[in-house]
Amino acid sequence: MLKNLTITLPEETLRAVRIAAAHDGISMSKWLGRLVERSVDVNPEATQAARVETQRQALAQFLALPKYQLTDKNGKAPSKEWMNDREGLRRFERPDLHQGLAQSDEIAPLRSVAEPSPEPWDYGAFPTSDK
Amino acid sequence: MALSPQAINELFASLLRLKVPLPVAIKMAQNSLNFVSHPIDQTVVRRALHIFALYKTSWWYALMIGWAAQAGCSLLLTEDIQSAAIIDGVAIISPFSLEPDELVSFLSS
């Protein structure tokens, strides 16, 4: 059963809603109703059940994809360091790569964005608004 | 069950690095998107900054825990930890630290 609701909006917001509703070819009331329905989960149990079913299907599809041998000859998986290494961020180790911005005097002290930050980082050193 | 967008980024980058054929790598990443329940937004990053500073973890690890906490996860499975811990209300264990049977029993409890 549909119920009525009166809302108050600034003139410019109302104008924007009118344009959006006209663009979608529906009434402002219907347009706003759809907006609310998207924001409020009216049936969380059904939503959760649908999510679980979608995930179950997605997992089955994932597991059905081709399998690859990604370990080395000793059965060891690649290390996290190797996986996360970004050669492009280590230009200072690759003289064959164009130095690009490193030519600039302004950033000359910055040899690489991949350099480790000084440790340990002191949380208390954060700038605060306290005087 | 939920997956951080960060995990999919790492998965896809690793698949490319391991030279898994591109169409398969893309399918794997697309498929994994079904498990993303929450974005990495300002609140997650703020939470991660707090974890990073308080627990002196790596930044990416802090971001993963911050995301899990914000997404309402009570358990985070990650290979990035040596021993179990509880941070920001999230219990963190490595799935490789347990035998498969133990893991299933742990997840069911």
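Scroll up a little and you will see the structure.
Residues numbered from 1 in each chain as written. Chains lettered and ligands numbered in written order. Predicted model: local features only at pLDDT ≥ 70, side-chain atom pairs only at ≥ 80, totals over all residues. Heavy atoms only, no water.

Digging into the overall build of chain B
Then, number 1: When you go through chain B residue by residue, the secondary structure sums to five helices and three strands.
Then, number 2: For chain B, the succession of helices and strands along the chain, N to C, is α-α-α-α-β-β-β-α.
Then, number 3: Taken over 109 residues, chain B has a buried fraction of 39%.
Then, number 4: A separation of at least 24 residues holds for 38% of the contacts in chain B among residues at least 6 apart in sequence.
Then, number 5: Carbon and sulfur atoms provide 60% of the accessible area of chain B, an area that totals close to 6,200 Å². (Helix = DSSP H or I, 4+ residues; strand = E, 2+ residues; numbered from the N terminus. Buried < 20%, exposed > 50% of the residue type's maximum accessible area, 1.4 Å probe, protein only. Contact = heavy atoms within 4.5 Å. Areas by Shrake-Rupley, 256 points an atom, 1.4 Å probe, with all protein chains shown as cover.)

Points about helix H4 (residues 59-70) of chain B
All names here are of chain B.
Then, number 1: Compared with an ideal rise of 1.5 Å per residue, which puts twelve residues at 16 Å, H4 spans 16 Å between its outermost C-alpha atoms and is within 8% of the ideal.
Then, number 2: With nine of its twelve residues buried, H4 lies for the most part within the structure.
Then, number 3: All of the buried residues along H4 are Tyr61, Ala62, Leu63, Met64, Ile65, Gly66, Trp67, Ala68 and Ala69.
Then, number 4: Where H4 is buried, its residues contact helix H1 (5-17), helix H3 (42-55), strand E1 (75-77), strand E2 (85-87) and strand E3 (90-93).
Then, number 5: At the C-terminal side of H4, Gly72 shows a positive phi close to 80°. (Expected span 1.5 Å × (residues − 1).)

Examining the pairing of E3 of chain B
All names here are of chain B.
Then, number 1: Summarising the sheet, E1 and E3 pair through three bridges and their orientation is parallel. Bridge pairing in E3 links Leu76 to Ile92.
Then, number 2: Relative to E3, E2 is paired through three bridges, and the arrangement is antiparallel. Counterpart to Ile87 in the pairing with E3 is Val90.
Then, number 3: Between E2 and E3, which pair antiparallel one after the other, the connecting turn spans two residues, and Asp88 there sits at a positive phi close to 55°. (Pairing = 2+ DSSP bridges.)

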